[in-house]
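The lines below spell out each chain.
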Amino acid sequence: MKLSMVADHARWPRENDIIFNLSERAQKAEQNIGKENVINATIGALMDDDGKLITMNSVFEQLKSLPNNEISAYASIAGQDDYKEAVKKVCFQGNDPDGYVRVVASPGGSGAIKLAMWNYTNPKDVILTSDWYWSPYGIIGEEAGRGVANYKLFNDEGKFNIESFKSKFKEIIDKQGNIFTIINTPGHNPTGYTVSDDEWDEILDFVKEVANDESKKIVLFIDVAYIDFVKDDIASRKFFKKFGNLPENILSIVGFSMSKGFTAYGMRMGAAIGISSNEDMAEEFYYSLMHSCRANWSNCNRGAMSILSHLIADEKKYAEYKIEKNQYKDMLVKRAEAFVQGAKEVNLETLPYRDGFFVSIPCNNPKEICEALTKENLYLVPLKMGLRFAVCAVSEEKCKKAPKIIKEVFEKVKSLDTTSV
Ligand SMILES: Cc1ncc(COP(=O)(O)O)c(C=O)c1O
């Protein structure tokens, strides 16, 4: 047998992240033939029209104005108090749900997912999310011995598939007695779908019905990583109110991230926000997650927390941040509209896009199409059920052009292989 030093649970396939690989290939192509001739739609970060990372001045000027000791010092394990208050303010923006709310700081939104999943699932449990989903949910679960089950995200009308959600939810909770489900909205990665307020009502009516059986434990994890890139900042937050006054055996956890909304990807700052009608359940959430912080990373990036606290404490600075952020949001909206319109013009099917960084294209042979597209100098990400195009990283002009190139490659591949597309 081949020698292996790692423990049994740590033996994983030796593979590099496919997204970073493709992104490197795109960058090489840019060096070889010029940026203007390459479409790099692999990157999950806002890039300007020249392909440079966008960084918000209001955020980084704040960082640079901090005294050294505010960056250098250890932070409290669950996060600085002013940061925790600031998280609630920027996340809810006045739509605070009624109930007991506790915040635990985490390294990015990923840290919040890890904290929540670890503390609210048992070994061998399966977590529930949609069939189109951000693959780290599976990786985070897998690392802890948890599996993933999926419901179909879309029904035939391109709306949230409540029937599929209900049936998978029931199947899991009947078996496990508990359920942990992740809903990534608004601006879902990878499809750009946003659950509407009416769809939330349907989801919550059903969940409350299941919660009538008091032996059942239900955790709703709402991943709002893209909430700052939704067309209407205020309307998109109304759904938070719906998590107030839920039965005590339903715990809602909002996964907050500074990565996208503050262009602070590498600063690794986020939070898990627990919402319960029962004060003791909220306290339990706080102390269980805090224990995990200590056990994993001790405490988070104090300078990054201070950025948010200072921005929120100073109305003028916060207003400046919002103006800056909304300019980028408007840019994103135009790019996405250009892509979706371009797709319509050439009859390229896309999944229903509403908000956020990505648009997805369903297909049966994503890897093959993706590889064929690299020959046309267009780089995007192959997923299990299709392709992900990062409108966040591509100029409006290129977003307009890309669907035609993709459609032509679909046709070419189809003519070579009748089983595909
Ligand atoms: C769906 C989703 N959730 C959460 C995150 C959290 O990211 P981070 O850990 O960088 O805050 C991301 C980032 O790509 C994401 O796409």
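It should be emphasised that the depicted structure is a prediction, and the values quoted were computed from it without experimental measurement.

A. Molecular detail of the sheet that holds strand β9 (residues 358-362). Ordered in space as β9-β12-β11, the three strands form an open sheet in which the pairing is antiparallel. In this open sheet, the two edge strands, each paired with only one partner strand, are β9 and β11 (381-382). Two elements, β11 and strand β12 (residues 386-390), share two bridges in a ladder whose sense is antiparallel. Along β12, the bridge assignment pairs Pro382 with Leu387.

B. Seen up close, empty space enclosed by the protein. Counting across every chain of the model gives two cavities of 30 Å³ or more. Size it by volume and the largest cavity reaches roughly 70 Å³. For the largest cavity, the full set of lining residues is Thr129, Ser130, Tyr151, Leu153, Ile182, Ile183, Asn184, Thr185, His188, Tyr193 and Val195. Counting only elements with at least two residues in the lining of the largest cavity, the list comes to β3 (126-130) and β5 (178-184). Looking at the lining of the largest cavity element by element, the count peaks at three residues for β5. Each residue belonging to the lining of the largest cavity can be placed in one class, and the counts come to six nonpolar, five polar and no charged.

C. Seen up close, the UniProt feature "domain: Aminotransferase class I/classII large" (unreviewed entry) in the protein. UniProt marks residues 37-402 with the feature "domain: Aminotransferase class I/classII large" (unreviewed entry), using the numbering shown here. Overall, residues 37-402 shows 42% helix and 17% strand. The separation of its end C-alpha atoms is 12 Å.

D. Geometry of the site of the ligand. Around the ligand sit 14 residues in total, of which Gly109, Ser110, Asp223, Tyr226 and Ser257 are the nearest. In this structure, an oxygen atom belonging to the ligand sits 2.7 Å away from a side-chain N or O atom of Arg268. Within the complex, the protein chains bury 92% of what would otherwise be the 390 Å² of accessible surface of the ligand. Considering each element in turn, the shell around the ligand owes the most residues, three residues, to helix α5 (residues 108-120). Residue composition of the shell around the ligand, by class: four nonpolar, seven polar and three charged.

E. Spotlight on the pattern of salt bridges. In this structure the tally under the stated criterion is 21 salt bridges. Residues participating in the shared-partner salt-bridge network are Asp228, Asp233, Arg237, Lys325 and Lys329.

F. The arrangement of the nonpolar core in detail. Judged by nonpolar contacts, the single largest core of 116 residues is most densely connected at Phe165, Phe256 and Phe389. In terms of residues, this core owes the most to one element, helix α11 (residues 315-345), which gives nine residues. Split by domain, this core shows at least three residues from each of two domains, domain 1 (8-49 + 331-416) and domain 2 (60-316). Setting aside residues up to four positions removed in sequence, Phe389 forms contacts with Ile39, Ala41, Phe339, Phe357, Phe358, Val359, Leu378, Leu380, Val394, Cys399, Ala402 and Ile406. Grouped together as the second largest cluster of nonpolar side chains are 23 residues, Ile113, Tyr120, Tyr133 and Ile182 included.

G. Spotlight on the layout of surface pockets. As a volume, the second largest pocket reaches approximately 390 Å³. As for the second largest pocket, its lining consists of 20 residues, of which Asn119, Tyr120, Lys217, Val219 and Glu284 are closest to the centre. Counting only elements with at least two residues in the lining of the second largest pocket, the list comes to α5, β5, β6 (217-223), β7 (250-257) and α9 (279-296). A breakdown of the residues in the lining of the second largest pocket according to their chemical character gives nine nonpolar, five polar and six charged.

H. Geometry of unusual backbone geometry. At the junction of Thr185 and Pro186, the peptide bond is cis and its omega measures out at -5° in the coordinates. Structurally, Pro186 is set in the loop between β5 and α8 (197-211). The omega torsion across Asn189 and Pro190 is 20°, close enough to zero to call that bond cis. With respect to the secondary-structure elements, Pro190 resides in the loop between β5 and α8. Of note, Lys124 is a non-glycine position whose phi angle comes to about 75°, a positive value.

I. The packing of aromatic side chains, seen in detail. As enumerated under the stated definition, the model contains 24 aromatic pairs in all. Ring centres of Tyr151 and Phe160 lie 5.7 Å apart, and the angle between their planes is 65°; this geometry places the pair in the edge-to-face category. Since its relative accessible area comes to 4%, Phe160 is described here as buried. When the ring of Phe154 is compared with that of Tyr193, the centres are 5.2 Å apart and the planes differ by 90°; the resulting orientation is edge-to-face.

Criteria and cut-off values
- Residues numbered from 1 in each chain as written.
- Predicted model: local features only at pLDDT ≥ 70, side-chain atom pairs only at ≥ 80, totals over all residues.
- Heavy atoms only, no water.
- Pairing = 2+ DSSP bridges.
- Helix = DSSP H or I, 4+ residues; strand = E, 2+ residues; numbered from the N terminus.
- 1 Å grid on protein atoms, 1.4 Å probe; cavity = no way out; pocket = protein on both sides within 12 Å on 5 of 7 lines; lining within 4 Å.
- Points joined across faces, edges and corners; volume = space filled by probe spheres on them.
- Nonpolar A, V, L, I, M, F, W, Y, C, P; charged D, E, K, R; others polar.
- UniProt positions renumbered as here; feature names shortened; annotations may be inferred.
- Near = heavy atom within 4 Å.
- Polar contact = N/O pair within 3.5 Å; in protein donor to acceptor, adjacent residues only side chain to side chain.
- Areas by Shrake-Rupley, 256 points an atom, 1.4 Å probe, with all protein chains shown as cover.
- Salt bridge = Lys/Arg side-chain N within 4 Å of Asp/Glu carboxyl O.
- Core = buried A, V, L, I, M, F, W, Y, C linked by side-chain atoms within 4.5 Å.
- Buried < 20%, exposed > 50% of the residue type's maximum accessible area, 1.4 Å probe, protein only.
- Domains from an automatic or database assignment.
- Contact = heavy atoms within 4.5 Å.
- Phe/Tyr/Trp six-rings, centres within 6.5 Å; stacked < 30°, edge-to-face > 60°.

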